[in-house]
Each structure stands twice: as C-alpha cells, then as structure tokens.
Amino acid sequence: MSFRARHLLGIDHLKPDEITELLDLAQDYAALNRRTVKHSDALAGMTLINMFFENSTRTQASFELAGKRLGADVMNMAVSQSSVKKGETLIDTALTLNAMQPDLLVVRHPQSGAVNLLAEKVNCAVINAGDGRHEHPTQALLDALTIRRAKGRLHRLTIAICGDIAHSRVARSNLILLGKMENRIRLIGPATLMPAGVGDMGVELFEDMREGLKGVDVVMMLRLQKERMDGGFIPSEREYFHRFGLDAEKLALAAPDAIVMHPGPMNRGVEIDGTLADDINRSVIQDQVEMGVAVRMAALDLLARNLRASRGRTAVGEP
Ligand code: NCD
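Residues numbered from 1 in each chain as written. Predicted model: local features only at pLDDT ≥ 70, side-chain atom pairs only at ≥ 80, totals over all residues. Heavy atoms only, no water.

K.L.:
Can you walk me through helix 11 (residues 285–310) in this structure?
P.N.:
Each α-helix turn comprises 3.6 residues. Residues three or four places apart therefore point the same way. Given a rise of 1.5 Å per residue, 26 residues ought to cover 38 Å, and the 37 Å separating the end C-alpha atoms of helix 11 matches this to within 8%. The sharpest bend along helix 11 reaches about 25° and sits at M291. Of all the 26 residues making up helix 11, 19 are buried; the element is thus mostly covered by neighbouring parts of the structure. Following helix 11 by one or two positions, G312 adopts a phi angle in the positive range, close to 80°. (Helix = DSSP H or I, 4+ residues; strand = E, 2+ residues; numbered from the N terminus. Expected span 1.5 Å × (residues − 1). Bend = angle between axes of the 7 residues up to and from the residue. Buried < 20%, exposed > 50% of the residue type's maximum accessible area, 1.4 Å probe, protein only.)

K.L.:
Before we go on, may I ask you to explain the site of the ligand in this structure?
P.N.:
Around the ligand sit R58, T59, R108, H136, Q139, R169, V170, R223, Q225, P263, G264 and P265, and that is every residue in its neighbourhood. One nitrogen or oxygen atom from the side chain of Q225 is found 2.8 Å from an oxygen atom belonging to the ligand. Between the ligand and P263 there is a distance of 3.2 Å, counted from a nitrogen atom to a backbone nitrogen or oxygen. Protein burial of the ligand: of its 320 Å² of free accessible surface, 95% is covered by the chains. Among the secondary structure elements, those contributing two or more residues to the shell around the ligand are helix 2 (58–69) and helix 6 (169–180). Looking at which domains feed residues into the shell around the ligand, each of domain 1 (7–134 + 289–310) and domain 2 (137–284) gives three or more. (Near = heavy atom within 4 Å. Polar contact = N/O pair within 3.5 Å; in protein donor to acceptor, adjacent residues only side chain to side chain. Areas by Shrake-Rupley, 256 points an atom, 1.4 Å probe, with all protein chains shown as cover. Domains from an automatic or database assignment.)

K.L.:
Got a minute to help me understand the nonpolar core in this structure?
P.N.:
The tendency in soluble globular proteins is for nonpolar side chains to be buried as a group. Core analysis: the largest hydrophobic core is formed by 68 residues, its most contacted members being Y29, L141, I147, I161, L177 and L187. The leading source of residues in this core is helix 11, at 12 residues. Each of domain 1 (7–134 + 289–310) and domain 2 (137–284) contributes no fewer than three residues to this core. The residues contacting L141, other than those within four sequence positions of it, are L8, I11, I19, L22, L23, L177 and V295. Core analysis: the second largest hydrophobic core is formed by 25 residues, A160, L213, I272 and L276 among them. (Core = buried A, V, L, I, M, F, W, Y, C linked by side-chain atoms within 4.5 Å. Contact = heavy atoms within 4.5 Å.)

K.L.:
What's the story with the domain arrangement of the protein in this structure? I'm lost.
P.N.:
Accessible area lost upon the coming together of the parts is a frequently used measure of interface size. Domain boundaries in the protein define domain 1 (7–134 + 289–310) and domain 2 (137–284). Of note, the centres of domain 1 and domain 2, computed from C-alpha atoms alone, are 26 Å apart. The partner domain 2 presents 26 residues to the 33 residues of domain 1 that form the contact. Summed over both sides, the interface between domain 1 and domain 2 buries roughly 2500 Å², with carbon and sulfur atoms accounting for 60% of that surface. Summed over the three residues of domain 1 that lose the most area to domain 2, namely I11, L23 and R133, the buried surface amounts to 27% of that side. Counting across the interface, domain 1 meets domain 2 through 2 salt bridges. Notably, a salt bridge pairs E54 with R169, separated by 2.8 Å at the nearest N-O pair. Where domain 1 packs against domain 2, one counts 9 residue pairs in polar contact (both at pLDDT 80 or more). Listed by contribution, the elements that provide at least two residues to the side of domain 1 that touches domain 2 are helix 1 (16–33), helix 2, strand 3 (104–109), strand 4 (125–131) and helix 11. The element contributing the most residues to the side of domain 1 that touches domain 2 is helix 1, with 9 residues. (Buried area = accessible area lost by both parts, 1.4 Å probe. Salt bridge = Lys/Arg side-chain N within 4 Å of Asp/Glu carboxyl O.)

Set out below in structure tokens:
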C-alpha cells in the first residue's frame, strides 16, 4: 500500500501513486454503490464526526453516506447551533470532540489553514472538506475519477479551468492534482479573478474564453464565489455570462468529445447555460456527485487502515 498519510488535508502532500491507489479503490466503491446492498464493514465500530463551519449540502451528505456505507457511526455536528455561536474557539470545539474519541473527523471551515491547525491538536484522522480558498482535496479526487472514467486516462489531457479561480479551493486542488498527473492546464477568466502569482504555476492563461477552449478535452466550470468577493470583480452577471459563461456555442470550440464539469452548486445562466448543464451527452456533473461518495469512501477507508496500523491494531474490534 502506498497511501501512507495520517490525514487528508490537501492534494499537495500526495504523491501520484497515492492518488492512483485512492482512485483505484474508489472505482471499486463506485461499483458497490450501484448495487442494491451497498454495505461494507471497512469502518465497522468506528466513529466519524462531520464538522461543517460553512453551509454545505452535497459535500456533507456525501461524507455522511460514505461513512454509513462503510459501517461507521456518523454524527453531523450542527455548528450553527453549537457553542461556536457562544464564542468557543475552533480549537476548543475540536478538543471537546476529540475527547469523545472519534476516529475520523471531516472538517469544513471558511478560513484557509484552519483544518491543518486543527489536525495538529487531535489524535484522530482529519479530512479537509474545504478550507477557505486553500484546498478541497476530495473534490479534486472526485473530479479526477470522473475524468478518468470519461476519458479512459488521467494524463496528457488538455483541461480548461474556467471562471472564478482566485476564490476557488476547487481550482487550487485541481491545479495541483492535474499538474502532478502531467496534464496541460489552461486557466480561463477575467484578470480580476486570477490568483496572484498564477504566472509561475506552469499553466496557460486566457482572458478570451473562445481562444482558451480551442481543442480542450475537459471544460471545468467554477461557481462565482460571491461570498468571498467584496465587490467590483465582475461588471454584471449578464456581461459575465456573455464573456465567460459556458454555452453550446463556446463549447463547440473544444474537442468534439470534450466533457463539461461543475462542482456545484451552479448558478445557471451565470457561469453555465442550464440546458448544457443537463445535457447528459456532454455534462458529467451528475457523475461528479456519484463519484464523490465513492472517493470519500476510499479516502475514509485508507485513512482508517493507517489509523489502525498506527494504533497497533490489525483488525477492527481488537482492543
Ligand atoms: C465547492 C466548495 O464548497 O468549495 N462546492 C462543493 O464542495 N460541492 C465549490 C463551490 O462552492 O463553488
């Protein structure tokens, strides 16, 4: 087994063979998830706590299902009703939960770096479910599995990441992962939505979407992260859609078999045309959601194996 990590905090610390091992296991879980009986006992007896300090529908549901399908006891902490509202710090909340002996902690937090900080304070395995604009590793992994299944490979593809790159942890994690797997990456968006230092990332930059989409194999759209903007980044949503929204006419410039992706939630008519998003011949958006559960099962399983090994146990249930 090459996956040695204690936590999954970002793609940055994963080697290409660890990524491949996780995706191979996720591929098996994707098959299990299409069966009527979806249970495995990889996490039997273990406790998983979901701690989301930011609103989330699909990611939290996806981790909850992943944990339950592997037989863990899963608790979703309703942070909005918790002591955090009474002024408790992130670290105090984490230490309190840690004392309840969870085995796996899934954390989403609005501040970049918060999940790494928390991982230093607890003795369970931690998965970053998105921290500020920093990383969202399971999203990049589920995108990678979706691409691998649709294209038959995860290397030497030309992939366009389009839209609000500056505020996006999805873009950051994908850039790192797709770069490690030796793909050609193009970033497309207005200069105001490009992150600083983007010129050194070994990617091609385009402000003209029609130019940038020419011949690409994968078009990855991003949501306009309005909650992370303090005004003035785009002229108007109508203008933005005209220049940077994906529609059938712009997609026609990509390779004839190019696939369309979006991490959700989507702003239809702002970053993507609604009809195109629903076109199952081009859009793999629903596959991304499906692969999300499988990838999270694989991540939980691999981390649980390493946790057991570090605790000196060989099988679930041993003292
Ligand atoms: C992403 C996120 O939260 O970073 N969504 C998700 O995890 N499904 C992207 C987004 O919110 O735009």
